[in-house]
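Topology and contacts: notes
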Amino acid sequence: MKWRRFINLVLISLLSAVCLDTASAQPYGSIQVRSFKLTAVDTGFSVDIDSTIELNPTLEQALEKGIVLYFVNKFTLVEPRWYWFDKEVARIKTRVGLRYHALTRRYILSDNTFSRNYSTLKDALVALQRLRDHPLTIYHELKPNVQYNATLRLWLDLTRMPKPFQVEALGSSAWNLSSDRLEWQMTLPKPDQPFQLSIEQ
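Here we summarise the structure given alongside this text. This is a predicted model, so every value here is computed, not measured. (Residues numbered from 1 in each chain as written. Predicted model: local features only at pLDDT ≥ 70, side-chain atom pairs only at ≥ 80, totals over all residues. Heavy atoms only, no water.)

**Details of the environment of Asn 73**
Relative to the elements of secondary structure, Asn 73 occurs in strand β3 (residues 69–79). Relative accessible area serves as the criterion here: at 12%, Asn 73 is assigned to the buried category. Separated by 19 residues in sequence, Asn 73 and Ile 92 have C-alpha atoms that sit 7.5 Å apart. The residues contacting Asn 73, other than those within four sequence positions of it, are Ile 49, Ile 92, Lys 93, Thr 94, Leu 131, Arg 153 and Leu 154. (Helix = DSSP H or I, 4+ residues; strand = E, 2+ residues; numbered from the N terminus. Buried < 20%, exposed > 50% of the residue type's maximum accessible area, 1.4 Å probe, protein only. Contact = heavy atoms within 4.5 Å.)

**Side note on helix α2 (residues 57–64)**
Turning to α2, its buried residues number three or more, namely Thr 58, Leu 59, Ala 62 and Leu 63. Take α2 and look down its axis: the buried residues cluster within an arc of 135°, on one side only. The opening residue of α2, the one whose side-chain oxygen lies 3.1 Å from the backbone nitrogen of Thr 58, is Asn 56. Gly 66, located one to two residues past α2, shows a positive phi value of around 100°. (Arc of directions from axis to C-beta. Polar contact = N/O pair within 3.5 Å; in protein donor to acceptor, adjacent residues only side chain to side chain.)

**Things to note about unusual backbone geometry**
Unusually for a residue other than glycine, Arg 105 sits at a positive phi of about 55°. Of note, Arg 105 is situated in the loop between β4 (87–101) and β5 (106–110). Take Arg 105: its relative accessible area is 62%, and that puts it in the exposed class. Located in the positive-phi region is Asp 133, a residue other than glycine, with phi close to 50°. Checked against the element boundaries, Asp 133 lands in strand β7 (residues 130–135).

**Thoughts on the sheet that holds strand β2 (residues 44–54)**
The pairing of strands in a sheet happens through backbone hydrogen bonds and is either parallel or antiparallel. In spatial order, the strands read β7-β2-β1-β11; together these four strands make up an open sheet with antiparallel pairing. Each end of this open sheet is capped by a strand with a single partner; those strands are β7 and β11 (195–198). Between one strand and the next, the sheet's axes are offset by a mean angle of 15°, whatever the strand orientation. Taken together, the 11 bridges between strand β1 (residues 30–41) and β2 define a ladder with antiparallel strand orientation. By the bridge assignment, Ala 40 is partnered in β2 with Phe 45. (Pairing = 2+ DSSP bridges. Axes fitted to C-alpha atoms, helices over the stretch in contact; angles between N-to-C directions.)

**Section: the packing of aromatic side chains**
In the structure shown here, the tally under the stated rule is seven aromatic pairs. Between the aromatic rings of Phe 75 and Trp 184, the centroid separation amounts to 6.1 Å while the plane-to-plane angle is 20°, which identifies the pairing as stacked. Of the two residues, Phe 75 sits in strand β3 while Trp 184 sits in strand β10 (residues 182–186), which places them 109 residues apart along the sequence. The same class applies to Phe 75 as to Trp 184, namely buried. Ring plane angle 40° and centroid distance 4.7 Å describe the contact between Tyr 100 and Tyr 107, whose orientation is recorded as tilted. The class for Tyr 107 is buried, based on a relative accessible area of 11%. Chaining the aromatic ring pairs together yields one cluster made of Phe 36, Phe 75, Trp 184 and Phe 195. A cation over a ring is seen here: Arg 116 above Phe 114, with NZ or CZ 4.3 Å from the ring centre. Over the face of the ring belonging to Trp 155 we find Arg 153, whose NZ or CZ atom lies 4.0 Å from the ring centre. (Phe/Tyr/Trp six-rings, centres within 6.5 Å; stacked < 30°, edge-to-face > 60°. Lys NZ or Arg CZ within 6 Å of the ring centre and 35° of its normal.)

See the structure below:
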């Protein structure tokens, strides 16, 4: 158990160094959804999301010190039912890690299916801000004439960080990066008429 305590102490020291280095920096950063599109395809439905992600100095320095930042896109379709609880019928949930490799000086985006590297943080964020042709996971029958409740949110996932970091990060506004929770009602799009939502900035 001693080695676990040692690792925790090292992680806490590393996080403290990050916080001290950025104590005088403005803890601003943001995630904003710019547009959303749901398209009917042969295999079901696909989702496109465009967003704007801006990191604050705390998060940028965390990357430079080897901390992986995980970003989540989550979209859900819920069927309202007057006689029982509402039913979630479909969703997407992606989680992409952003990290900096000090030896190669490259920024890397990766999940369970891909890994891509970029020469600058700006280039990595441009790629991170675009989700294209992601299949919608369908849990229950989708009905063409039902008015579904849709929700969309993007955020920095602190739950994937080491436990000592989670404790410190949850108490700091510098780590609280999330878009607004968008909600609307919609019917399923037809093959030649994708549903599109644009958000005014």
